[in-house]
Amino acid sequence: MRALFLSLAATTILAGIAQAEPAIMPLDRATILAGSPFDFKIELDQVHAAADVAVTVNGQPYASVFGKPAEFVAEEKGKDGKVLGSALIARGLSIAKPGDYTVAVTAGTETKSVTWTVYGTPAVPTAKNVIFLLGDGLSVAHRTAARIMSKGMHDGKADGRLAMDDLDHMAFIGTSSTHSIATDSANTMSAYMTGHKSRVNALGVYADRTPSSLDDPKVETIAEALRRTTKKSVGIVSTAEIEDATPAAVVSHTRKRADKAEIVGMIYDVKPEVVLGGGSAYFLKSGIPGSKRKDDKDYISLFRDAGYTVATTATELKAADGSNSGKILGLFHTGNMDTKLDRSFLKTGTVDKFPDQPGLVDMTQTALDQLSKNPDGFFLMVEGASIDKMSHPMDWDRAVIETIEFDQAVGVAKDFARTHPDTLIVVAGDHTHGVSLIGTIDDDKPGTEMRDKVGVYDDAGYPNYTDADHDGYPDKIDVSRRLAIFSSNFPDYYETFRPKMDGPFEPAVKTETGDYVANEAYKDVPGAVLRVGNLPKSADTAVHAVDDVVLQATGPGSDEFKGYMEQSDVYRVLADAFALGAAQK
Amino acid sequence: MPFALRRRQFLAALPALASLPRMARAEAPELTFDQLYGGYSALGLTFSDKVKLLDGQSVRIRGFMAPPLKAEAQFFVLTRVPMALCPFCSTDADWPDNIVVVYLEHRQTFVQPNRTIEVTGRLEHGSWVDPDTGFVSQLRLRDASFGLV
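Here is what the cut-offs are and how they apply
Residues numbered from 1 in each chain as written. Chains lettered and ligands numbered in written order. Predicted model: local features only at pLDDT ≥ 70, side-chain atom pairs only at ≥ 80, totals over all residues. Heavy atoms only, no water. UniProt positions renumbered as here; feature names shortened; annotations may be inferred. Pairing = 2+ DSSP bridges. Helix = DSSP H or I, 4+ residues; strand = E, 2+ residues; numbered from the N terminus. Contact = heavy atoms within 4.5 Å. Axes fitted to C-alpha atoms, helices over the stretch in contact; angles between N-to-C directions. Parallel < 35°, antiparallel > 145°, perpendicular 65-115°, else oblique. Left-handed = near helix turned anticlockwise from the far one by under 90°. Nonpolar A, V, L, I, M, F, W, Y, C, P; charged D, E, K, R; others polar. Buried < 20%, exposed > 50% of the residue type's maximum accessible area, 1.4 Å probe, protein only.

The name given to chain B in an unreviewed UniProt entry is DUF3299 domain-containing protein, with Paenirhodobacter enshiensis as the source organism.

If you check an unreviewed UniProt entry, chain A appears there as Alkaline phosphatase from Paenirhodobacter enshiensis. Quoted verbatim from the Sequence similarities (unreviewed entry) field of UniProt, the annotation for chain A is "Belongs to the alkaline phosphatase family."

Caption draft 1: Structural view of the sheet that holds strand E23 (residues 481–487) of chain A. Residue and element names in this part refer to chain A. Spatial strand order, E22-E21-E23: three strands in an open sheet with antiparallel pairing. The open sheet has two edge strands with one neighbour each: strand E22 (454–455) and E23. Of the strands in this sheet, strand E21 (435–442) and E23 are in contact with helix H3 (residues 140–151), which crosses E21 at around 35 degrees.

Caption draft 2: Highlighting the packing of helix H11 (residues 360–371) of chain A against helix H13 (residues 396–419) of chain A. All names here are of chain A. Running from amino to carboxyl end, H11 crosses H13 at an angle of 25 degrees, the nearest separation of the two axes being 8 Å. Judged by the angle between their axes, H11 and H13 are roughly parallel. Of the two possible hands of crossing, H11 and H13 adopt the one that is right-handed. Only Glu 405, Phe 406, Gln 408, Ala 409, Val 412, Ala 413 and Phe 416 of H13 make contact with H11, whose side of the interface consists of Leu 360, Val 361, Thr 364, Gln 365 and Leu 368. For the contact of H11 with H13, a count of residues per class yields eight nonpolar, three polar and one charged.

Caption draft 3: Inspection of unusual backbone geometry at higher detail. Residue and element names in this part refer to chain A. Here the residue pair Met 25 and Pro 26 is connected by a cis peptide bond, since its omega of 0 degrees sits within 30 degrees of zero. Despite not being glycine, Tyr 457 shows a phi value in the positive range, around 45 degrees. Of note, Tyr 457 is situated in the loop between E22 and E23. A relative accessible area of 78% means that Tyr 457 is categorised as exposed. Backbone geometry at Phe 497 places phi at a positive 60 degrees, although glycine is not the residue there. Within the secondary structure, Phe 497 sits in the loop between strand E24 (493–495) and strand E25 (508–510). For Phe 497, a relative accessible area of 10% puts it in the buried group.

So this is what it looks like as structure tokens:
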């Protein structure tokens, strides 16, 4: 106790003496593609006169290196009008010459310096096309479970291999964000798509201190870099709302991924040639039932006017695939698309309302058919979104079926690369979940409690899924001896030990105090037991893990993936493959 | 817990409901969540004939109360199933398509989200923006009251 008191006192004293540091964005150790535009911002902790703020770059006055002076803001204000300090902002800078750049600021007693590395790329691209397949939340347990469920196993060896099992280069990816070891789908995908780490909920920006979510210092996205330096086509495919964090990261700049109406505008500004997914609610002008916009912007018409063929069902997508417009906007749901298990097998979720949704495999194939018409090549991002969306509520059967579907989309990409060997394929999660496959659940084991039926070690044996039609999916998900998958972290919920046959699992519901309590809809499922959560009561579902992501790749440039890499380093491999440091148009 | 005691507590918590004429509630036609829209498309939803027919009339709808936007909010959101996520609170969650916004005639106490409630109020359809919060709704119950089922 005494030791604790002393250490607390020491901390307090240190905090009292410590000078608050100014923030410089991009942050220290940022890596910046040569020639790519970015915003530069210094946030000072106190109010200063403009003349008292000195900034140098490698010892030179900053304006001579950056080519222009920054705007001085005497007083930045917080949400409540509180003065936060002075700031310097310069938008759209770019640095052409690779090398290290040390930026130092002095203002009164405040000092800070950061060093950025500006990198070039080879002058000639090694890859004509890049297909970037992102399994949202894809963790090791998802892959193992998908392999066993889809391919089977006996005598300790898998009876088949996933498409992603044969990608020949790999790396462990560190996913942490700029303010936390933990992370979300916004900052993680943003790191892949910009080469800069960011803060939870942020896309294509460094998170600044001002309340607006749309004024934060921007960095260039891969789609913008491709527009600036090449004549390549861009495609975005997702089973989520297309303005959801992962697909949004290909084009967007906002501190807040929830700015979905604005993100649709950002997609429109970049105009990727192929846009396929859910989320039409934010494309419809307000007033139309189903719209989630608050303005009269009708993005369906705007895209049509820009030459896009619009498809809203799988049938229309097939027709559009045969058209020669070269530009397709496919929106197949007002919100997130239904999972493969709901869509193709159980007919649950919202499948009665949106019965003709295409799957990820068909969308990937259509995107490749369209984008490959461009002789200059393309960048295609494909997201298997609901691996994550079903892992949050711990609906492991849906998450694993989503992983199988995602893997089949990887198969489509590999087939394309077989005839187009100048294609780099990257397959990765954006972050992980705290999920593990630990054995089987066998209804025929003796015992009255469901936990007695969990088989571990030698007792687990092998599950009894079948795949008579060889579609890669089990004929039946609720078999008598099935995979036992559990989460390391959870809110209060009822564990049923069974697949959720009536629709996706909703483990906890919110009370008026902000706490989440177990959803009693599952209380009376035979064998259900209450698990008291190990997360704060404010957690609605299971959370992301900080564990590394496994990235795999094949094709030209893929040998740059190795060992441990920061998520932002992945962008540099893409930039090298496309030679984005050298203009090609 | 004996039923009588629960009932007394319930009435104490909901004075507005206790004073509501029982007949009026029972007479209002029932509308279910599955009857709100007649057609679904990515290009928009269409209201059901039943909603168009009952517009302006008193109706009953059963559902679950989502946690309020703020304690003093004049309305709450009624959902078909209990909300697992709170779109008001999380930057990542979003409301389902088929929600009904309920404007209460008198203030009533929040009901735990695991409990089904029945709301009676005057049905209103069409896009409308709440002037205080900017919340956009397509279906509303005005001058409403609710009770546990």
